[in-house]
Amino acid sequence: KAGVTQTPRYLIKTRGQQVTLSCSPISGHRSVSWYQQTPGQGLQFLFEYFSETQRNKGNFPGRFSGRQFSNSRSEMNVSTLELGDSALYLCASSLESGANVLTFGAGSRLTVL
Amino acid sequence: GEDVEQSLFLSVREGDSSVINCTYTDSSSTYLYWYKQEPGAGLQLLTYIFSNMDMKQDQRLTVLLNKKDKHLSLRIADTQTGDSAIYFCAESKEQAGTALIFGKGTTLSVSS
(Lines give C-alpha, C1' and ligand atoms only; values in the text may rest on other atoms or scores of the structure.)
Protein backbone atom coordinates (compact mmCIF):
# COMPACT_ATOMS: atom_id res chain seq x y z
CA LYS A 1 0.00 0.00 0.00
CA ALA A 2 1.09 3.59 -0.53
CA GLY A 3 3.20 5.18 2.18
CA VAL A 4 2.90 8.60 3.77
CA THR A 5 2.83 11.26 1.06
CA GLN A 6 3.99 14.78 1.71
CA THR A 7 3.66 17.72 -0.67
CA PRO A 8 5.40 19.79 -1.76
CA ARG A 9 8.80 18.14 -1.36
CA TYR A 10 10.73 21.40 -1.69
CA LEU A 11 9.74 25.01 -1.42
CA ILE A 12 11.34 28.40 -1.00
CA LYS A 13 9.65 31.28 0.76
CA THR A 14 10.71 34.70 1.98
CA ARG A 15 10.50 36.08 5.50
CA GLY A 16 7.03 37.20 6.48
CA GLN A 17 5.22 34.89 4.08
CA GLN A 18 3.15 31.94 5.15
CA VAL A 19 3.30 28.34 4.00
CA THR A 20 0.98 25.32 3.99
CA LEU A 21 2.30 21.76 3.88
CA SER A 22 0.19 18.72 3.18
CA CYS A 23 0.35 15.14 4.42
CA SER A 24 -1.65 12.13 3.27
CA PRO A 25 -1.35 9.25 5.75
CA ILE A 26 -1.27 5.56 4.98
CA SER A 27 -4.73 4.32 4.13
CA GLY A 28 -6.51 3.35 7.34
CA HIS A 29 -4.22 5.37 9.58
CA ARG A 30 -6.13 7.94 11.56
CA SER A 31 -3.38 9.71 13.48
CA VAL A 32 -1.03 12.21 11.87
CA SER A 33 1.94 13.75 13.66
CA TRP A 34 4.27 16.50 12.49
CA TYR A 35 7.93 16.97 13.31
CA GLN A 36 10.48 19.66 12.48
CA GLN A 37 14.06 18.61 11.72
CA THR A 38 16.89 21.15 11.78
CA PRO A 39 20.67 20.67 12.05
CA GLY A 40 20.78 22.58 15.32
CA GLN A 41 17.73 21.34 17.21
CA GLY A 42 17.36 17.93 15.62
CA LEU A 43 13.92 16.34 15.45
CA GLN A 44 11.23 18.10 17.44
CA PHE A 45 7.58 17.19 17.81
CA LEU A 46 5.14 19.81 16.55
CA PHE A 47 1.67 18.31 17.03
CA GLU A 48 -0.55 15.28 16.57
CA TYR A 49 -4.01 15.14 15.04
CA PHE A 50 -6.53 12.36 15.44
CA SER A 51 -10.17 12.40 14.34
CA GLU A 52 -9.78 16.01 13.22
CA THR A 53 -8.73 17.07 16.73
CA GLN A 54 -5.35 18.17 17.97
CA ARG A 55 -4.36 15.62 20.58
CA ASN A 56 -0.95 16.85 21.57
CA LYS A 57 1.25 19.88 20.91
CA GLY A 58 4.97 20.48 21.18
CA ASN A 59 6.73 23.61 22.33
CA PHE A 60 6.37 25.80 19.25
CA PRO A 61 4.94 29.31 18.87
CA GLY A 62 1.40 29.91 17.73
CA ARG A 63 2.62 30.69 14.21
CA PHE A 64 2.69 26.92 13.74
CA SER A 65 -0.76 25.43 13.32
CA GLY A 66 -2.36 22.43 11.76
CA ARG A 67 -5.58 20.72 10.97
CA GLN A 68 -6.88 17.35 9.93
CA PHE A 69 -9.67 16.57 7.53
CA SER A 70 -12.33 13.87 7.72
CA ASN A 71 -10.29 11.66 5.36
CA SER A 72 -7.36 11.89 7.83
CA ARG A 73 -5.25 14.05 5.52
CA SER A 74 -3.50 16.80 7.42
CA GLU A 75 -2.07 20.20 6.70
CA MET A 76 0.28 22.33 8.71
CA ASN A 77 0.65 26.06 8.33
CA VAL A 78 3.42 28.39 9.36
CA SER A 79 2.62 32.09 9.30
CA THR A 80 4.97 35.06 9.32
CA LEU A 81 7.93 32.93 8.33
CA GLU A 82 11.30 33.50 9.96
CA LEU A 83 14.74 32.43 8.75
CA GLY A 84 14.86 29.92 11.59
CA ASP A 85 11.82 28.11 10.21
CA SER A 86 14.00 26.68 7.45
CA ALA A 87 13.82 22.96 8.09
CA LEU A 88 12.69 19.57 6.94
CA TYR A 89 9.10 19.07 8.06
CA LEU A 90 8.24 15.42 8.53
CA CYS A 91 4.80 13.94 8.79
CA ALA A 92 4.16 10.55 10.36
CA SER A 93 1.03 8.47 10.48
CA SER A 94 -0.13 5.72 12.81
CA LEU A 95 -3.23 3.61 13.19
CA GLU A 96 -4.47 5.19 16.37
CA SER A 97 -3.64 8.11 18.61
CA GLY A 98 -0.76 7.20 20.87
CA ALA A 99 0.17 4.22 18.75
CA ASN A 100 3.76 3.20 19.15
CA VAL A 101 4.59 2.63 15.50
CA LEU A 102 4.99 5.76 13.38
CA THR A 103 5.55 5.64 9.62
CA PHE A 104 7.23 8.77 8.31
CA GLY A 105 6.95 10.47 4.95
CA ALA A 106 9.92 11.79 2.99
CA GLY A 107 9.36 15.31 4.28
CA SER A 108 8.89 18.81 2.91
CA ARG A 109 12.06 20.87 2.84
CA LEU A 110 11.32 24.53 3.48
CA THR A 111 13.89 27.22 2.83
CA VAL A 112 13.15 30.71 4.11
CA LEU A 113 15.17 33.53 2.51
CA GLY B 1 14.25 16.00 32.33
CA GLU B 2 14.02 14.55 28.87
CA ASP B 3 17.21 13.96 26.96
CA VAL B 4 18.40 11.33 24.54
CA GLU B 5 22.08 11.30 23.71
CA GLN B 6 24.06 9.54 21.02
CA SER B 7 27.60 9.72 19.74
CA LEU B 8 27.74 11.67 16.48
CA PHE B 9 29.86 9.47 14.24
CA LEU B 10 30.80 5.84 13.76
CA SER B 11 33.03 4.49 11.03
CA VAL B 12 33.32 0.75 10.27
CA ARG B 13 34.57 -1.50 7.52
CA GLU B 14 32.21 -3.55 5.38
CA GLY B 15 31.56 -6.95 6.95
CA ASP B 16 32.30 -5.78 10.50
CA SER B 17 29.66 -5.34 13.19
CA SER B 18 28.49 -1.84 14.09
CA VAL B 19 27.31 -0.89 17.54
CA ILE B 20 25.46 2.40 17.97
CA ASN B 21 24.84 3.52 21.53
CA CYS B 22 22.22 5.74 23.10
CA THR B 23 21.48 6.93 26.61
CA TYR B 24 18.24 8.39 27.85
CA THR B 25 17.26 10.04 31.09
CA ASP B 26 13.54 9.45 31.51
CA SER B 27 12.88 6.25 33.43
CA SER B 28 9.18 6.39 32.54
CA SER B 29 9.91 5.67 28.88
CA THR B 30 7.62 2.99 27.51
CA TYR B 31 9.11 2.26 24.10
CA LEU B 32 12.54 2.87 22.65
CA TYR B 33 13.11 3.06 18.93
CA TRP B 34 15.78 3.00 16.29
CA TYR B 35 15.14 4.93 13.09
CA LYS B 36 17.32 5.18 9.99
CA GLN B 37 17.52 8.23 7.72
CA GLU B 38 19.20 8.14 4.33
CA PRO B 39 20.10 11.36 2.47
CA GLY B 40 17.04 13.19 1.20
CA ALA B 41 14.66 10.72 2.80
CA GLY B 42 12.37 10.55 5.79
CA LEU B 43 12.79 8.28 8.79
CA GLN B 44 12.54 4.54 8.44
CA LEU B 45 11.62 2.58 11.56
CA LEU B 46 14.19 -0.20 12.00
CA THR B 47 13.03 -1.71 15.24
CA TYR B 48 11.64 -0.88 18.65
CA ILE B 49 11.67 -2.44 22.07
CA PHE B 50 9.26 -2.24 24.95
CA SER B 51 10.84 -0.99 28.13
CA ASN B 52 10.26 -4.25 30.03
CA MET B 53 12.36 -6.21 27.53
CA ASP B 54 16.13 -6.38 27.55
CA MET B 55 16.85 -7.70 24.08
CA LYS B 56 15.26 -7.96 20.66
CA GLN B 57 16.73 -9.52 17.55
CA ASP B 58 15.54 -9.01 14.01
CA GLN B 59 17.72 -10.50 11.26
CA ARG B 60 20.98 -8.50 11.29
CA LEU B 61 19.76 -6.14 14.00
CA THR B 62 20.08 -6.71 17.73
CA VAL B 63 18.77 -4.22 20.26
CA LEU B 64 19.98 -4.34 23.85
CA LEU B 65 18.31 -2.37 26.61
CA ASN B 66 19.84 -1.82 30.03
CA LYS B 67 17.04 -0.13 31.91
CA LYS B 68 19.07 0.29 35.09
CA ASP B 69 21.72 2.33 33.25
CA LYS B 70 19.19 3.81 30.77
CA HIS B 71 21.35 2.57 27.92
CA LEU B 72 20.15 1.35 24.54
CA SER B 73 22.30 -0.08 21.79
CA LEU B 74 21.79 -1.19 18.21
CA ARG B 75 24.11 -3.81 16.77
CA ILE B 76 24.20 -4.30 13.01
CA ALA B 77 25.87 -7.55 12.03
CA ASP B 78 27.79 -7.89 8.76
CA THR B 79 27.53 -4.16 8.04
CA GLN B 80 27.14 -3.27 4.37
CA THR B 81 27.78 -0.03 2.48
CA GLY B 82 24.02 0.30 2.11
CA ASP B 83 23.81 0.66 5.88
CA SER B 84 25.56 4.04 5.66
CA ALA B 85 23.01 6.51 7.03
CA ILE B 86 22.06 8.48 10.13
CA TYR B 87 20.60 6.38 12.94
CA PHE B 88 18.30 7.97 15.48
CA CYS B 89 17.43 6.66 18.89
CA ALA B 90 14.05 7.80 20.27
CA GLU B 91 11.91 7.25 23.33
CA SER B 92 8.21 7.56 24.00
CA LYS B 93 6.08 7.76 27.10
CA GLU B 94 2.57 6.44 27.47
CA GLN B 95 1.01 9.79 28.24
CA ALA B 96 2.89 11.57 25.44
CA GLY B 97 1.39 9.56 22.59
CA THR B 98 3.25 10.12 19.35
CA ALA B 99 5.52 12.84 20.77
CA LEU B 100 8.78 10.96 20.54
CA ILE B 101 11.99 12.38 21.96
CA PHE B 102 14.82 11.88 19.50
CA GLY B 103 18.57 11.88 19.89
CA LYS B 104 20.65 13.99 17.51
CA GLY B 105 21.56 10.96 15.42
CA THR B 106 24.68 8.89 14.77
CA THR B 107 26.16 9.04 11.28
CA LEU B 108 27.35 5.57 10.31
CA SER B 109 29.96 5.46 7.56
CA VAL B 110 30.76 2.06 6.06
CA SER B 111 33.87 1.72 3.94
CA SER B 112 34.58 -1.14 1.54
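The shown structure was predicted, so the numbers you read here are calculated from the model rather than taken from an experiment.

1. Points about the overall build of chain A
Next up, step 1: Across its full length, chain A carries 0 helices and 11 strands.
Next up, step 2: If you list the helices and strands of chain A from N to C, you get β-β-β-β-β-β-β-β-β-β-β.
Next up, step 3: On C-alpha atoms alone, chain A measures out to a radius of gyration of 13 Å, which is about the 13 Å that the 2.2 N^0.38 rule sets for 113 residues.
Next up, step 4: A principal-axis box enclosing the C-alpha atoms of chain A has dimensions of 35 × 25 × 25 Å.
Next up, step 5: For chain A, buried positions account for 48% of its 113 residues.
Next up, step 6: Within chain A, counting contacts between residues at least 6 apart in sequence, those at least 24 apart form 54% of the total.
Next up, step 7: For chain A, the computed accessible surface area is about 5200 Å², with 48% contributed by carbon and sulfur atoms.
Next up, step 8: A distance of 5 Å separates the average location of the 11 positive side-chain charges in chain A from that of its 6 negative side-chain charges.

2. Remarks on the interface of chain A and chain B
Next up, step 1: Taken together, the contact between chain A and chain B spans 23 residues of the former and 18 residues of the latter.
Next up, step 2: In this assembly, chain A packs against chain B so that about 1500 Å² is buried in total across both faces, 55% of it on carbon and sulfur atoms.
Next up, step 3: When residues of chain A are sorted by the area they lose upon contact with chain B, Leu43(A), Asn100(A) and Phe104(A) head the list and together hold 37% of the total.
Next up, step 4: Scanning the region where chain A abuts chain B turns up 0 salt bridges.
Next up, step 5: The tally of links between chain A and chain B comes to 9 residue pairs in polar contact (both at pLDDT 80 or more).
Next up, step 6: Broken down by secondary-structure element, the contributors of at least two residues to the side of chain A that touches chain B are strand 4 (31-38), strand 5 (42-50) and strand 9 (87-94) of chain A.
Next up, step 7: Residue classes in the side of chain A that touches chain B are distributed as 10 nonpolar, 11 polar and 2 charged.

3. So, the pairing of strand 8 (residues 74-78) of chain A
Residues and elements named next belong to chain A.
Next up, step 1: Where burial is concerned, most of strand 8 is hidden: 5 out of the 5 residues are buried.
Next up, step 2: Taking every second residue as pointing to the same face, both faces of strand 8 are buried, with Ser 74, Met 76 and Val 78 on one and Glu 75 and Asn 77 on the other.
Next up, step 3: Across 5 bridges, the pairing between strand 3 (residues 19-24) and strand 8 is antiparallel. Pairing of Leu 21 across the sheet is with Met 76, part of strand 8.

4. Observations regarding the side chain of Gln68(A)
All names here are of chain A.
Next up, step 1: Looking at the element boundaries, Gln 68 is found in strand 7 (residues 64-68).
Next up, step 2: Within the structure, Gln 68 has its side chain in polar contact with the backbone nitrogen of Phe 50 (distance 3.2 Å).
Next up, step 3: A polar side-chain atom of Gln 68 sits 3.0 Å from the main-chain amide nitrogen of Glu 52.
Next up, step 4: The contact partners of Gln 68, leaving out residues within four places of it in the chain, are Arg 30, Val 32, Tyr 49, Phe 50, Ser 51, Glu 52, Thr 53, Arg 73 and Ser 74.

5. Let's talk about the environment of Ser111(B)
Residue and element names in this part refer to chain B.
Next up, step 1: Tracing the backbone through its elements, the reader meets Ser 111 in strand 11 (residues 106-111).
Next up, step 2: With a relative accessible area of 31%, Ser 111 lands in the partly exposed category.
Next up, step 3: Sequence-wise, Ser 111 and Val 12 are 99 residues apart; in three dimensions their C-alpha atoms are separated by 6.4 Å.
Next up, step 4: The contacts of Ser 111, once residues within four sequence positions are left out, are Val 12, Arg 13 and Glu 14.

6. Points about the side chain of Thr30(B)
Next up, step 1: In this fold, Thr30(B) is placed in the loop between strand 3 (18-24) and strand 4 (31-37).
Next up, step 2: Contact partners of Thr30(B), with chain neighbours within four places excluded, come to Ile49(B), Phe50(B), Ser51(B), Ser92(B), Lys93(B) and Glu94(B).

7. Observations concerning unusual backbone geometry
Residues and elements named next belong to chain A.
Next up, step 1: Look at the link from Thr 7 to Pro 8: it is a cis peptide, with omega at -10°.
Next up, step 2: Following the sequence through the fold, Pro 8 ends up in the loop between strand 1 (5-7) and strand 2 (10-13).
Next up, step 3: Backbone geometry places Ser 72, a non-glycine residue, at a positive phi of 80°.
Next up, step 4: Within the element layout of this structure, Ser 72 appears in the loop between strand 7 and strand 8.
Next up, step 5: Residue classification places Ser 72 among the buried positions, given a relative accessible area of 12%.

8. Observations concerning the sheet that holds strand 1 (residues 4-6) of chain B
Residue and element names in this part refer to chain B.
Next up, step 1: Strands sit in the order 1-3-8-7-6 across an open sheet of 5 strands; the sheet is antiparallel. Edge positions in the sheet fall to strand 1 and strand 6 (55-58), since each has one partner strand and no second. Each strand of the sheet is rotated relative to its neighbour by a mean of 15°, with strand direction disregarded.
Next up, step 2: Two elements, strand 7 (residues 61-66) and strand 8 (residues 71-76), share 6 bridges in a ladder whose sense is antiparallel. Of the residues in strand 8, the one forming a bridge with Leu 61 is Ile 76.

Conventions used here
Residues numbered from 1 in each chain as written. Chains lettered and ligands numbered in written order. Predicted model: local features only at pLDDT ≥ 70, side-chain atom pairs only at ≥ 80, totals over all residues. Heavy atoms only, no water. Helix = DSSP H or I, 4+ residues; strand = E, 2+ residues; numbered from the N terminus. Rg over C-alpha atoms; globule rule 2.2 N^0.38 Å. Buried < 20%, exposed > 50% of the residue type's maximum accessible area, 1.4 Å probe, protein only. Contact = heavy atoms within 4.5 Å. Areas by Shrake-Rupley, 256 points an atom, 1.4 Å probe, with all protein chains shown as cover. Lys, Arg positive; Asp, Glu negative; His and termini not counted. Charge placed at Lys NZ, Arg CZ, Asp CG, Glu CD. Buried area = accessible area lost by both parts, 1.4 Å probe. Salt bridge = Lys/Arg side-chain N within 4 Å of Asp/Glu carboxyl O. Polar contact = N/O pair within 3.5 Å; in protein donor to acceptor, adjacent residues only side chain to side chain. Nonpolar A, V, L, I, M, F, W, Y, C, P; charged D, E, K, R; others polar. Pairing = 2+ DSSP bridges. Axes fitted to C-alpha atoms, helices over the stretch in contact; angles between N-to-C directions.

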